[in-house]
Amino acid sequence: MTPASELTGWLFDLYADPQDGVTLWLLGDDGRRHRLRQAFPITFYAAGPPARLRELCRFLKSQPVPVELAREERRRDLFQPSRQPLLAVRVLLASDQPRLFRQVARRFPDLTYYDADVHLSLRHAAVYGTFPLARCRVQAGPDGTVTALEVLDSPWDLDPPRPELRILEMEPDVDPARGEPAALELRSGRLRYRLPLRPARPLLVNLRAILQRLDPDLLLTNRGDTWLLPLLLDLSEEHDLPLPLNRAPGRGVARRGERSYFSYGRIVYRGSQVMLFGRWHIDRANAMMWNDYALEGVLESARVTSLPVQEAARLSPGTGISSMQIRQALVQGVLVPWRKQQSEQPKTALQLIESDQGGMVYQPLIGVYSSVGALDFISMYPSIMVRCNISPETVPLRHVEPSDADPGLVPRTLAPLLEKRVALKHRLAGMPGWDPRRATDKARSSAQKWLLVTCFGYLGYKNARFGQIEAHEAVTAYGREALMRAKEAAEDHGFTVLHMYVDGLWLHRPGASQPADFEPVLMDILERTGLPVSLDGIYKWVAFLPSRVDERTPVPNRYFGAFQDGSIKVRGLACRRHDSPAWVGSLQMRLIEIFAKAGSAEELPDYLNEALNSLHRDLTALSEGRVPLEELLVTQRLSRALDRYTSPSPAARAALQLRQVTGREMRPGQKVRFLFTRGEPGVHAWDLPEPPDPRQIDRERYRELALRAAREVLEGLRVLPPEPTLLPLEKYTRR
DNA sequence: TCCTCACGGGG
DNA sequence: GTGTACGTGAGGA
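Criteria and thresholds
- Residues numbered from 1 in each chain as written.
- Chains lettered and ligands numbered in written order.
- Predicted model: local features only at pLDDT ≥ 70, side-chain atom pairs only at ≥ 80, totals over all residues.
- Heavy atoms only, no water.
- Helix = DSSP H or I, 4+ residues; strand = E, 2+ residues; numbered from the N terminus.
- Rg over C-alpha atoms; globule rule 2.2 N^0.38 Å.
- Buried < 20%, exposed > 50% of the residue type's maximum accessible area, 1.4 Å probe, protein only.
- Areas by Shrake-Rupley, 256 points an atom, 1.4 Å probe, with all protein chains shown as cover.
- Lys, Arg positive; Asp, Glu negative; His and termini not counted.
- Charge placed at Lys NZ, Arg CZ, Asp CG, Glu CD.
- Polar contact = N/O pair within 3.5 Å; in protein donor to acceptor, adjacent residues only side chain to side chain.
- Contact = heavy atoms within 4.5 Å.
- Patch = residues over 30% accessible without salt bridge, like charges linked within 9 Å, V, L, I, M, F, W, Y side chains within 5 Å.
- Salt bridge = Lys/Arg side-chain N within 4 Å of Asp/Glu carboxyl O.
- Pairing = 2+ DSSP bridges.
- Axes fitted to C-alpha atoms, helices over the stretch in contact; angles between N-to-C directions.
- Parallel < 35°, antiparallel > 145°, perpendicular 65-115°, else oblique.
- Left-handed = near helix turned anticlockwise from the far one by under 90°.
- Nonpolar A, V, L, I, M, F, W, Y, C, P; charged D, E, K, R; others polar.
- Domains from an automatic or database assignment.
- Buried area = accessible area lost by both parts, 1.4 Å probe.

### Observations concerning the overall build of chain A
Item 1. When helices and strands are counted, chain A shows 20 helices and 28 strands.
Item 2. The globule rule puts the C-alpha radius of gyration for 735 residues at 27 Å, and the 29 Å found for chain A is close to it.
Item 3. Across the 735 residues that make up chain A, the buried fraction comes to 51%.
Item 4. Summed over all atoms, the accessible surface of chain A reaches about 34,500 Å², with 51% contributed by carbon and sulfur.
Item 5. For chain A, the centre of its 99 positive side-chain charges and the centre of its 89 negative side-chain charges are spaced 4 Å apart.

### Some details on the side chain of Ser370
Item 1. Following the sequence through the fold, Ser370 ends up in the loop between β19 (367–369) and β20 (372–377).
Item 2. Exposure remark for Ser370: the relative accessible area of 15% places this residue in the buried category.
Item 3. Polar side-chain contacts of Ser370 include one of 2.9 Å to the backbone oxygen of Lys540.
Item 4. Here Ser370 is in contact with His508, Lys540, Trp541, Ser600 and Ala601, once residues within four sequence places are set aside.

### Focus: a negative patch on the surface
Item 1. A surface patch of negative charge is lined by Asp234, Glu237, Glu238 and Asp240.
Item 2. Inspection of the secondary structure assignment puts Glu238 in helix α5 (residues 224–238).

### Here we look at the sheet that holds strand β3 (residues 33–38)
Item 1. Within the open sheet, the 5 strands sit side by side as β3-β2-β1-β8-β9. Their pairing is antiparallel. Two strands bound the open sheet, and with one partner strand each, they are β3 and β9 (146–151). Averaged over all adjacent pairs, the angle separating strand axes in this sheet is 45 degrees, with direction ignored.
Item 2. Note: strand β1 (residues 5–17) against strand β8 (residues 135–140), 6 bridges, orientation antiparallel.

### Structural notes on the packing of helix α1 (residues 50–62) against helix α2 (residues 97–107)
Item 1. It is the contact of α1 with α2, at a shortest axis distance of 11 Å, that shows an interaxial angle of 140 degrees. It follows from the interaxial angle that α1 and α2 lie oblique. Handedness of the crossing formed by α1 with α2: right-handed. Contacts from Arg52, Leu56, Phe59 and Leu60 in α1 reach Leu100, Gln103, Val104 and Arg107 in α2.
Item 2. A breakdown of the residues in the contact of α1 with α2 according to their chemical character gives 5 nonpolar, 1 polar and 2 charged.

### As for the domain arrangement of chain A
Item 1. Domain assignment breaks chain A into domain 1 (361–412 + 468–572) and domain 2 (577–735).
Item 2. Domain 1 and domain 2 are separated by 33 Å when their C-alpha centres are compared.
Item 3. In total, about 1,400 Å² of surface goes out of reach between domain 1 and domain 2, with carbon and sulfur atoms giving 67% of it.
Item 4. At the boundary of domain 1 and domain 2, one finds 2 salt bridges.
Item 5. The partner of Glu712 in a salt bridge is Arg548, and the shortest N-O contact between them spans 3.4 Å.
Item 6. There are 5 residue pairs in polar contact (both at pLDDT 80 or more) connecting domain 1 and domain 2.
Item 7. When contributions to the side of domain 1 that touches domain 2 are tallied by element, the ones reaching two or more residues are β19, β23 (533–546), β24 (554–563) and β25 (568–571).
Item 8. Sorting elements by how many residues they give to the side of domain 1 that touches domain 2 places β23 first, with 4 residues.
Item 9. Looking at the side of domain 1 that touches domain 2 residue by residue, the class counts come to 9 nonpolar, 3 polar and 4 charged.

### Side note on the pattern of salt bridges
Item 1. Applying the stated rule across the entire model yields 53 salt bridges.
Item 2. Of the charged contacts in the structure, one is a salt bridge between Arg577 and Asp579, with a shortest N-O distance of 3.1 Å.
Item 3. Arg577 gets classed as exposed once you look at its relative accessible area, which sits at 51%.
Item 4. The salt bridge partner of Glu624 is Arg626, with a shortest N-O separation of 3.0 Å.
Item 5. Judged by its relative accessible area of 52%, Glu624 falls in the exposed class.
Item 6. A network of salt bridges, in which partner residues are shared, links Asp159, Glu300, Arg303, Lys420, Arg427, Asp441 and Arg444.

### Things to note about helix α10 (residues 380–387)
Since the α-helix packs 3.6 residues into each turn, any two residues three or four apart lie on the same face.
Item 1. Judged by how many residues are buried, α10 sits mostly within the fold: 6 of 8 residues are covered.
Item 2. Among all positions in α10, only Met380, Tyr381, Pro382, Ser383, Ile384 and Met385 are buried.
Item 3. Residues of α10 that are buried sit in contact with β20, α11 (409–429), α12 (437–459) and α13 (469–492).
Item 4. Looking one or two places after α10, you find Asn389, whose phi comes out positive at around 55 degrees.

In structure tokens:
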């Protein structure tokens, strides 16, 4: 027990606890990890007929949970300016609230509820301004009870001071999906351990000793959510040897089961999860987009959303931005509607027609061009929401314009995030390549980007708490308007608009080859639309491809080109698809890289020979069996349960095979890896215990895929005539 | 020719 | 505790 004292440090963890009320973990400047407690009552609201509210009062008083009841007059929600009477239920112990509310909602389903299912850390953030790794000054009593809490920095600071985190990495020696792991590999700083998984007793004893000695802040695992931690917990129980995965003693871990859900127009699979108390567990394999932004991005998401780090690491689209909106609502005193369980309702025909109005899509002029500038509106949809003040309660009309009116909830939520991202991008642009801050800034910028992108979709989501389809449509409507105004501006400056796509424009003017040539039109577009626009780059050459079905029809999102700085941009080609084998993607990319040496469209034919030689080498490697099987792997997502396929996709056939041989069940949304093989069933699942016979590989099919990818490039660049005149390629097509 | 299935964003 | 929709291309009946 420490005496009454003042502590300064970083807020590490925050959760409800039956004894403490709220438990806070502080990484102190003294290097110690302090467990503190804080009284933090939770209030939720109910509205409805007075008689029913009186019944609810009686019910609540009969419960063993300490509550305080009061009548309050508040604005019911964003759309109702008048105050209305509500019953305020103040639950004294935060850990009681979720269960109590579930009971209430079940017994009184006819009442309307507010602030009922809000994450504890958002409530805390709204009251104290806290967020994960906030710098805090805390006054605490001798038993660790917080008497005062002051946050010293803000989530919008560009360079927050960071604590030194103790990290323990832990992973199996073999991917458990593909084989039987024999040992755990542990790493912390320069320390390395290898712990055999069997026998279990010494494993548990050693692991316990390591956890106690290192006392890591972060347990960073591979397959920890779905395999390792569940296994360790089972073993620990079986052998009656407690394992201190939590830093908080005497508490179980928090587990969530696996599930498949519908998101972004497709099925997504989410494995089970294990989360700890007083310590973070992040599973690289289960963390959303860990490869994209890793720990730095996770911490950034946690800071700006106020969600705990373990939640932020597993963030699903919508959750992050929704959390920011809820926090903003609490700060503004707007009641947060309870998100009910809603059954899936098909859209009406009218809604379908209305939602047809998406982003502006234009038909590009098919062909290869030089002197082309690519212009992008910067975070277009979020910018529109902020600039035009689009929010559910501002009741957008059909036509919106930039406005300086008092911002609504959604713009208020977005503005600081947008501002922070622009500042960060600005700083990145002026940063030399060797600067070590580049990687972290990029990771943070990417995390912010993801939040900004999903916030637009969330506005049109029917189950969103602060969504409204009209607001959603107002955004896309102004987006189209802005693009049309940009087109007019470009034409006034003598440019030909080759293409427009949602938030980008491709402008061509003979001789335009310097950024300065585009400066005036950029300024003019900002002037006419109120939205910032940037020059993505100037193409040495860019090719817009025709449809594969009809060579006279352009398609909006199939193009590729080389910028003056040597970088390459590709859309809609095989190398961009996640279901292309790596070998096909890289072979196609190599071809584009060869042509990227051309200074203009006219020089492209000079590189045809080099490209064909490159293709020849790749095809020879394939026919001679020199391509590693990993490079030929195809990954596809299961779109439904296996028995729901009318004509099973290759992925479904591979999953069936896996089930027959290993008994392993794959769920919708899970990714299946397989090779194309000859004969039935035409695939060989990669996770089968037996590797495929290399002679069984369907080389013919891979060659077809390679030739198709090559044709996309060569025909797109007009250095070869279109199919079926594939004579120049013919000589490379022998087995 | 029609139907089914998978992908797409950014960096 | 889950953004929506739609267009493109491939493969098979």
